[in-house]
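# Inside the fold
Spelled out, the chains give:
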Amino acid sequence: MVYHSSFVDDEGITKACGFPLLPLKSHIKGPAPVSDLDRTDIVDEAITFFRANVFFRNFDVKSSADKLLIYLTFYINVALKRLEGCRTLAEGTKAIINLGLEKVPVPGEPGFPLPGLFPLPQSDKEAELLRNYLRQIREEASGRLLSVAYKSNGTPNKWWLAFAKRKFMNIILPS
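Residues numbered from 1 in each chain as written. Predicted model: local features only at pLDDT ≥ 70, side-chain atom pairs only at ≥ 80, totals over all residues. Heavy atoms only, no water.

## Some details on the overall build of the protein chain
Each helix and strand counted, the protein chain has five helices and two strands in total. Each helix and strand of the protein chain, ordered N terminal to C terminal, gives the series β-β-α-α-α-α-α. Whereas a compact globule of 175 residues would reach a radius of gyration of roughly 16 Å, the protein chain reaches 15 Å, a difference of no more than 12%. Summarising its shape, the C-alpha atoms of the protein chain cover approximately 45 × 35 × 35 Å along the three principal directions. Of all 175 residues assigned to the protein chain, the portion counted as buried reaches 47%. In the protein chain, the proportion of contacts linking residues at least 24 apart, taken out of those at least 6 apart, comes to 72%. Of the roughly 9,200 Å² that the protein chain leaves accessible, carbon and sulfur atoms contribute 55%. (Helix = DSSP H or I, 4+ residues; strand = E, 2+ residues; numbered from the N terminus. Rg over C-alpha atoms; globule rule 2.2 N^0.38 Å. Buried < 20%, exposed > 50% of the residue type's maximum accessible area, 1.4 Å probe, protein only. Contact = heavy atoms within 4.5 Å. Areas by Shrake-Rupley, 256 points an atom, 1.4 Å probe, with all protein chains shown as cover.)

## Notes on the nonpolar core
Of all hydrophobic cores here, the largest spans 52 residues; its most connected members are Phe19, Ile42, Leu68, Leu80, Leu83, Tyr133 and Ile137. No other element matches the 13 residues that helix α2 (residues 64-83) contributes to this core. The residues contacting phenylalanine 19, other than those within four sequence positions of it, are Thr14, Leu68, Tyr71, Pro107, Phe112, Phe118, Leu130 and Leu134. (Core = buried A, V, L, I, M, F, W, Y, C linked by side-chain atoms within 4.5 Å.)

## Points about the packing of aromatic side chains
Both the distance between ring centres and the angle between the ring planes are used here to describe each pair of aromatic rings. The full count for this structure, using the stated rule, is seven aromatic pairs. For the pair phenylalanine 19 and phenylalanine 112, a centre-to-centre distance of 6.4 Å together with 85° between the ring planes defines the contact as edge-to-face. Here phenylalanine 19, found in strand β2 (residues 19-20), pairs with phenylalanine 112, found in the loop between α3 (89-100) and α4 (124-149); they are 93 residues apart in sequence, far enough to count as distant. Residue class for phenylalanine 19 comes out buried when judged on its relative accessible area of 0%. A centroid spacing of 6.0 Å and a plane angle of 15° characterise the contact between phenylalanine 50 and tryptophan 160, whose relative ring orientation is stacked. On the criterion of sequence distance, the pair formed by phenylalanine 50 in helix α1 (residues 42-53) and tryptophan 160 in helix α5 (residues 158-161) is long-range, its members being 110 residues apart. For phenylalanine 50, a relative accessible area of 0% puts it in the buried group. The class of tryptophan 160 is buried, set by a relative accessible area of 7%. What links up through ring pairs into an aromatic cluster is the set Phe19, Tyr71, Phe112 and Phe118. (Phe/Tyr/Trp six-rings, centres within 6.5 Å; stacked < 30°, edge-to-face > 60°.)

## Some remarks on the packing of α1 against α4
Interhelical geometry of α1 versus α4 gives an angle of 45° and a closest axis separation of 10 Å. As the angle between them shows, α1 and α4 are arranged oblique. Read as a crossing pair, α1 and α4 show a hand that is right-handed. Two secondary-structure elements touch here, α1 through Ile42, Val43, Asp44 and Ile47 and α4 through Tyr133, Ile137, Glu140, Ala141, Arg144, Leu145 and Val148. Broken down by class, the residue content of the contact of α1 with α4 amounts to eight nonpolar, no polar and three charged. (Axes fitted to C-alpha atoms, helices over the stretch in contact; angles between N-to-C directions. Parallel < 35°, antiparallel > 145°, perpendicular 65-115°, else oblique. Left-handed = near helix turned anticlockwise from the far one by under 90°. Nonpolar A, V, L, I, M, F, W, Y, C, P; charged D, E, K, R; others polar.)

## Concerning unusual backbone geometry
Despite not being glycine, cysteine 17 shows a phi value in the positive range, around 55°. For cysteine 17, a relative accessible area of 2% corresponds to the buried category.

## Digging into α3
Taking 1.5 Å of rise per residue, the 12 residues of α3 would be expected to cover 16 Å, and the 16 Å separating its terminal C-alpha atoms lies within 8% of that figure. Along its buried surface, α3 packs onto α2 and α4. (Expected span 1.5 Å × (residues − 1).)

## With respect to the pattern of salt bridges
Scanning the model with the defined rule gives eight salt bridges in all. The closest approach of N and O atoms between lysine 103 and glutamate 109, which form a salt bridge, is 3.0 Å. With a relative accessible area of 59%, lysine 103 lands in the exposed category. Taking the relative accessible area as the measure of exposure, glutamate 109 reaches 25% and is therefore partly exposed. Close ionic contact of glutamate 128 with arginine 131 constitutes a salt bridge, the shortest N to O distance being 3.5 Å. Note that glutamate 128 and arginine 131 are positioned in helix α4 at a spacing of three residues, about one turn of the helix. Judged by its relative accessible area of 37%, glutamate 128 is partly exposed. Connected via shared salt-bridge partners are Lys25, Asp41, Asp44, Glu140 and Arg144. (Salt bridge = Lys/Arg side-chain N within 4 Å of Asp/Glu carboxyl O.)

Written out as structure tokens, the structure is:
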């Protein structure tokens, strides 16, 4: 059984293109509301559930937060593919920073990984809000992913990097 997000209550949550702009435990500047440090956020869920969810070919979406979880699962998969050849934490950090500098596509733009799952933006303002949120959440996920993909001595954690070869929902994304 696939793991779903615990953020099922959409009430009071701003949305952009069907993405809920959920609170993050983040020091990174962006449109996401700030969450308490002692609470689990969507990035924690995505990293925690990644290794289990990546084995599933189907994902029954039960809330809009599940769609964000799917997006983050694909992003973590791409990030792990970038980290696959990096033998030290310093190399991995450089690869992740380069991934973070890439343009973040939104629904309707070439390169968006999940066409059809999210509605197109209704305005340029909504597209820019989503782009900034996705940039913020990707940066936050990248930083937290580095802490689990590499051991404290800076060497790769094979129990994480082995999942770079897995396909989530039988979809191969370009790395």
